[in-house]
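# A closer look at the structure
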Amino acid sequence: MKEKKRTTAFLARPGVQTFISSLLCIILGLFIGFIALLIINPGGAVKGILNVIQNFMYYPSQAVRIKYFGQTLVKAAPLVMCSLSVLFAYKVGLFNIGAAGQYVVGAGASLYCALALHMPWYICLLAAIAAGALLGALSGLLKAYRNVNEVISCIMLNWISLYAVNTLLGQVKEAASPYTKSLSSTNKSALLPNMGLNVIFKDDYVTLAIPLVIVVAVLIYIVLEKTRLGYELQATGANKAAAKYAGMRENRNLILTMAISGGLAGMGAALLYLTGFEQWSVTQSSLPGMGFNGIAAAFLGGLSPIGSIFSSYFIQHITSGGAYVDKTMYAAQISDFISSLIIYLCGFVLFFRHFMAGMVEAREAKKAKGSGSGAASETDGDSSSDKKGGEA
Amino acid sequence: MLLLVQYTLVFASVLTLVALGGCFSEHSGVINIGLEGIMVIGALGGALAMKFMPPGTPAPLILLLVTLAAALAGMLYSLLLAVAAINFKADQTLVGTAMNLLGTAAATVFVKAMNTARDVSNVSATIEYIEQKKALLIVDGTEFNWFMVITVIVLIGAYVVLYKTRFGLRLMACGEHPQAADSVGINVYRMRYAGVLISGALGGLGGIVYITAGVSAWRFEYGVAGFGFLALAVMIFGQWKPLHIALAALLFGLFRALSNVYSGFDVLASLPIPSAVYNMLPYIVSLIVLTFTSQKSRAPKAEGIPYDKGLR
Amino acid sequence: MENYAVEMLHITKKFPGIIANDDITLQLRKGEIHALLGENGAGKSTLMSVLFGLYRPEEGEIRMNGQKVEIRDPNDANDLGIGMVHQHFKLVECFTVLDNIIMGVEPTRGPFLNKGEAREKVLALSQKYGLLVDPDALVEDITVGMQQRTEILKMLYRDNDILIFDEPTAVLTPQEISELMQIMKNLAAEGKSILFISHKLAEIMTVADRCTVLRKGRYIGTVETKDTTAEELSAMMVGRQVNFSVDKKDITPGEVVLDVSHMTVASRLHKNDAVRDVSFQVRRGEIVCIAGIDGNGQTELVYGLSGLEPLKSGNIVLCGTDITHAPIRKRSSMGMSHIPEDRHKHGLVLDYTLEDNLVLQRYYEPEFTGKGGFLRRANIRAYAERLIEQYDVRSGQGPVTIARSMSGGNQQKAIVAREIDKDPELLIAVQPTRGLDVGAIEYIHSQIVTQRDAGKAVLLVSLELDEVMNVSDRILVMYEGEIVGEFDPKKVTVEELGLYMAGARRKEAAR
């Protein structure tokens, strides 16, 4: 009896419910992905899905594993930033689908500063943040003063940014390829410092970016939950009219939110491109998936900044894992497929949580019935009527 | 010049079809951000129909089957939105975004698997339909295709259905004031399903028109390059009204066509404007247009709000 | 055996933790007007939802013309000829009157709508019952009274015989109310049976033949209105004698706190100005009440005063300082408190906790925000606990209760506590008792009077004439954005006020 009570209380905690819901999304997403593999080619399905889940564990050697673990982290860092960007805006009632475009201009600004202007890394990083923030602020401005839905304006800006950055970085590309020049040969000072992490991971791409991302996530958590700014921004998000009534400057808050959100995404791009891990292709005609995966990570992490560290890692983990599937049977996009399925399933999280809350309630009701005493059933009646009120 | 007209009409057809799709969905009260993904899946359905069409099939039959396949594929795919948004009251923006990503990923995985199954060395995500596409053209060697005619029919049909039939009246009531609709015995859930499924069919149809515009093969990794979103802008600019939407689509189609054919105009080609600017043009134009029209835009009142029978 | 159009016998409907209807019986005679009286939460809407098949009762049955019927959903109710004018109209605003009337039962010719036929039927019905509405006007363009007539036509178009009116007079002018009463009598004379849900005793006494009273989910009784009095009905409804008048001692108003001159505010809804050249003053120790029918500029007047909307012209002076262009925060810190009209839209952040809502106007003060912009949570908690204690705000989990889960009365108490505890110079209270039960109304009235007695200036905006007459020291009547009269509540009758509120009379107000 006592044991049971503890599990009930445990399940009733919102954090736990979010975690379980997210887990459910992951499991369902992987399962549907597995079914897809089965349909495409039954022979390799088990191995295929294991490849996706294992990622770097595919390699038998410890040393190689840690190197590729490091590389997964390198790519997870910008994803965390993008998911923080989406999450921050969402907490303030805005859907920042423009993280992709803000990421693009962040990449453009940081690489241009590094390659054309030969700036040191911290200037490049700041430039990326500024560029993302400006783009985000533009969407915020349009929403605040021209009533343009931020989703639509962000999408338009995504494409405009892509073509603009392609043009801009066309000036610093290698002569023979569509890729931008490499940082290590052009401007070493723009590379993010390794801080000794390269020794641990035996990989030069592992840099300051990894710890920095965690610091930023914690900062975002503090801003949202502990400060006056967070109080104001979330009040604006939850009820714009009430925020105005309370004397908050709701339009400023809106623009500020989008600027912070854009800055986060822009910074994310710098944290990837300033490691030298990737070069920008100036002929790319589709937006990098990072911004969109950020949406997945934000929701999968239960819209918590700390949660998004883990969810981002997970999504990057399976995305990288996609590279290991047998190309003669499956497309590497199977991991995009799985992660987009997971985003889709995140739409049901609320339903999952309601379902769980219902289960907890039913169990409590049953327990109360079991005990049978009049007093117990009366308290039960009270508590469930409170719940009812909570939903109305 | 003729080329510009052709492309303008082709792209305007795509935008009209997809925006009308969005219009039906939103009039029923569901925001359909997932049109982009629906277009991809519709395009896939149509492309597959063309690919597996036996040689010698009469042209009208090809046209019919391709149209049906694309519409059906889009419609089935839109069920994902309908179920999530209507039955499970999910965040419609989130689900739509997921559908956009899923559409491209699923189509790519599927086409690659199909290509690889036929020829192990072929890991591309491309479907070709050079011969079959000819059946879709009105005048061979141009881009004037029968889809333009279909678009006009759909446009007139959409107008009549929305404003002259019982279904249209009820559909719009669900997007404006679902409680009112419910109180007179209209099944809001069913009407919203209808709205979303129609948007799926039209979005899917728009997808196939898009990937047959000027090309005879499609790499599905590319998706549809934001056309679904442009269509949403067209819909807003067209104020959720079919005829206005058609006019808006023509305008946007013109700008999109410019990026395809500007090099054919000596004047434009000689200007020191990078091609990227032409690529950006439709998006810039739509952003500007939205900036000046959104202030007084009048979206269906209940759009985006899940309907809960319990809360009256 | 008597012939009843509808009988609801021994209806019991339970929700988890609460019995909403406990053995309630309601019998509606053919051709009568039957009032259903009860406070908010007495179980009136639950009972009507049972009649409409929205809820299935645990016990009891419904009979029509003596036959037992099953009503599973609103369509069943429709088929049985039961129609309802809801308190919040169920009209699609961008549709025409005609479209709204035919919606759900549209006549068609082939696949197309046949509106010609429908229009003729609607015109015939409006002639027969004196319901004048233009069938081709858009609902958003017509008056509230016309919208209500549209709702009535909706029922008549469906040939409903049992007509339910849910609080139909709340939104009408006194003149429109008397028109509605006449319409209801016409309908009853034509053989329609009418159920009239209300808590306004005077109207019930005027129009109803019989009255059934509910209290806290229980059936109290059914009486013939000609055999009873308003006082008796009121005692049945509340369960005790209600003190309708508010105890107030006489105070001579002091210095001017709020001085408004020539204020004009543009409307968001139409091209005309919502507030036109309005001037008035509020002094210390007086309650000035703005009376008027909903939608005559009171909302915009308050928006202009509080800074939610800019003024087109005119000046506002608060305690000697011109605040015409001051931001909202400035006005608030200068001593303006504002209990807003819509507690869900403006008054509360529903997803925030009670404590966070209680500091909504003060969170930025050093007491609650420390160095570096960090919130001082301990202080917020202590402050919230004090207000909760002092103003008796009840909630499930105290300061950490999510505001959304609280009852309307307690939400309003929280707002009142927050605004009064700011120790304002000027308290603006807009419909502070809307939708509350008698106990909460008495409490809030006493709080407002206490503020006045403490030498504060109070501006009360109310649509309820009872409230206007009982609480205020001075009445200003607003009609179409202008102040059309100023009155002493002791020297004016409700009827006279009504004429001014409806625009039938006007005099130059003291400026």
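Everything numeric here is computed off the predicted structure, so don't read it as measured data.

## Description of the overall build of chain B
Each helix and strand in chain B was counted, giving 13 helices and two strands. C-alpha extents for chain B along the principal axes are approximately 60 × 45 × 35 Å. Partitioning the intrachain contacts of chain B with sequence separation of at least 6 by distance along the chain shows that 80% fall at a separation of at least 24.

## Here's the deal with the interface of chain B and chain A
At the interface, 43 residues of chain B touch 41 residues of chain A. Along the lines of polarity and charge, the residues of the side of chain B that touches chain A split into 30 nonpolar, 11 polar and two charged.

## With respect to helix α15 (residues 438-453) of chain C
All names here are of chain C. The terminal C-alpha atoms of α15, which comprises 16 residues, lie 22 Å apart, in line with the 22 Å expected from a rise of 1.5 Å per residue. Buried within α15 are the following residues: Ala440, Ile441, Ile444, His445, Ile448, Gln451 and Arg452. Projected down its long axis, α15 shows its buried positions confined to an angular sector of 135°, all on one face. Among the exposed residues of α15, those oriented more than 90 degrees off its buried face are Gly439, Thr450 and Asp453. Where α15 is buried, its residues contact β15 (287-291), α14 (408-421), β19 (426-430), β20 (457-462) and α16 (465-471). Positioned one or two residues after α15, Gly455 has a phi angle of 90°, which is positive.

## Notes on the sheet that holds β20(C)
Residues and elements named next belong to chain C. As summarised here, the arrangement of the six strands in space is β18-β19-β20-β15-β21-β22, forming an open sheet in which the pairing is mixed. Edge positions in the open sheet fall to β18 (336-339) and β22 (482-487), since each of these has one partner strand only. Strand-to-strand twist across the sheet, computed as the mean angle between neighbouring axes with direction ignored, equals 20°. Pairing of strand β21 (residues 474-479) with β22, which is carried by five bridges, proceeds in the antiparallel orientation. What sits directly across from Leu476, in β22, is Glu486. Set on the sheet, α14 makes contact with β18 and β19; between it and β18 the angle comes to about 170°. α15 rests against β15, β19 and β20 of the sheet, and its axis sits at about 150° to β20.

## So, the confidence of the model for chain A
All names here are of chain A. With 90% of its residues at a pLDDT of 70 or more, chain A shows a mean pLDDT of 85. Per-residue pLDDT stays below 50 along residues 1-5; that stretch engages in zero contacts with residues further than four places along the chain or on separate chains. Low pLDDT (under 50) marks residues 371-392, which in the prediction has 24 contacts with non-local residues, meaning those over four places away or in another chain.

## Concerning the interface of chain A and chain C
In this complex, chain A contributes 22 residues to the contact, which on the side of chain C involves 29 residues. When contributions to the side of chain A that touches chain C are tallied by element, the ones reaching two or more residues are α11 (228-238), α12 (240-245) and α18 (374-391) of chain A. Broken down by element, the residue count for the side of chain A that touches chain C peaks at eight residues, all from α18(A). Taken together, the residues of the side of chain A that touches chain C sort by class into eight nonpolar, eight polar and six charged.

## Overview of the confidence of the model for chain B
Residues and elements named next belong to chain B. With 99% of its residues at a pLDDT of 70 or more, chain B has an overall mean of 89. The weakest mean pLDDT in chain B belongs to helix α12 (residues 266-270) at 74; the strongest belongs to helix α9 (residues 188-211) at 96. Model confidence for the complex: the whole-complex pTM is 0.84, and ipTM, which rates the interface, is 0.87.

## Details of the sheet that holds strand β16 (residues 313-318) of chain C
Residue and element names in this part refer to chain C. Reading across from one edge, β14-β13-β16-β17 is the order of the four strands in this open sheet, with antiparallel pairing throughout. Bordering the open sheet on either side are β14 (273-283) and β17 (321-322), each of which pairs with just one other strand. Summarising the sheet, strand β13 (residues 256-266) and β14 pair through seven bridges and their orientation is antiparallel. Residue Met263 lies in a different strand from β14, and its bridge partner there is Val278.

## Looking at the packing of helix α7 (residues 150-169) of chain A against helix α13 (residues 275-293) of chain B
The N-to-C vectors of α7(A) and α13(B) enclose an angle of 155°; their axes lie 9 Å apart at closest approach. Judged by the inter-axis angle, α7(A) sits roughly antiparallel to α13(B). At the point where α7(A) passes α13(B), the crossing takes the left-handed sense. Across the interface between the two elements, A:Ile152, A:Ser153, A:Met156, A:Trp159, A:Ile160, A:Tyr163, A:Ala164, A:Asn166 and A:Thr167 of α7(A) pack against B:Ala276, B:Asn279, B:Met280, B:Tyr283, B:Ile284, B:Ser286, B:Leu287 and B:Leu290 of α13(B). For the contact of α7(A) with α13(B), the class distribution of residues is 12 nonpolar, five polar and no charged.

## Quick word on the pairing of β13(C)
The pairing of β13(C) with β16(C) spans five bridges and is antiparallel. Pairing of C:Leu258 across the sheet is with C:Leu318, part of β16(C).

## A short note on the environment of A:Ser286
Residues and elements named next belong to chain A. Turning to its location among the elements, Ser286 is positioned in the loop between α13 (250-273) and α14 (290-300). The exposure class assigned to Ser286 is partly exposed, which follows from the 14 C-beta atoms found within 10 Å. Along the backbone, Ser286 and Lys75 are 211 residues apart, and their C-alpha atoms lie at a distance of 18 Å.

## Describing the environment of C:Phe52
Residues and elements named next belong to chain C. With respect to the secondary-structure elements, Phe52 resides in the loop between α1 (44-51) and β4 (59-64). Since 21 C-beta atoms lie within 10 Å of it, Phe52 is described here as buried. Setting aside residues no more than four positions away along its own chain, Phe52 makes contact with Pro74, Ala77 and Met84.

Cut-offs and rules
- Residues numbered from 1 in each chain as written.
- Chains lettered and ligands numbered in written order.
- Predicted model: local features only at pLDDT ≥ 70, side-chain atom pairs only at ≥ 80, totals over all residues.
- Helix = DSSP H or I, 4+ residues; strand = E, 2+ residues; numbered from the N terminus.
- Contact = placed C-beta atoms within 7 Å.
- Nonpolar A, V, L, I, M, F, W, Y, C, P; charged D, E, K, R; others polar.
- Expected span 1.5 Å × (residues − 1).
- Buried ≥ 20, exposed ≤ 12 C-beta atoms within 10 Å, placed from the backbone.
- Arc of directions from axis to C-beta.
- Pairing = 2+ DSSP bridges.
- Axes fitted to C-alpha atoms, helices over the stretch in contact; angles between N-to-C directions.
- pLDDT = per-residue confidence, 0-100.
- Parallel < 35°, antiparallel > 145°, perpendicular 65-115°, else oblique.
- Left-handed = near helix turned anticlockwise from the far one by under 90°.

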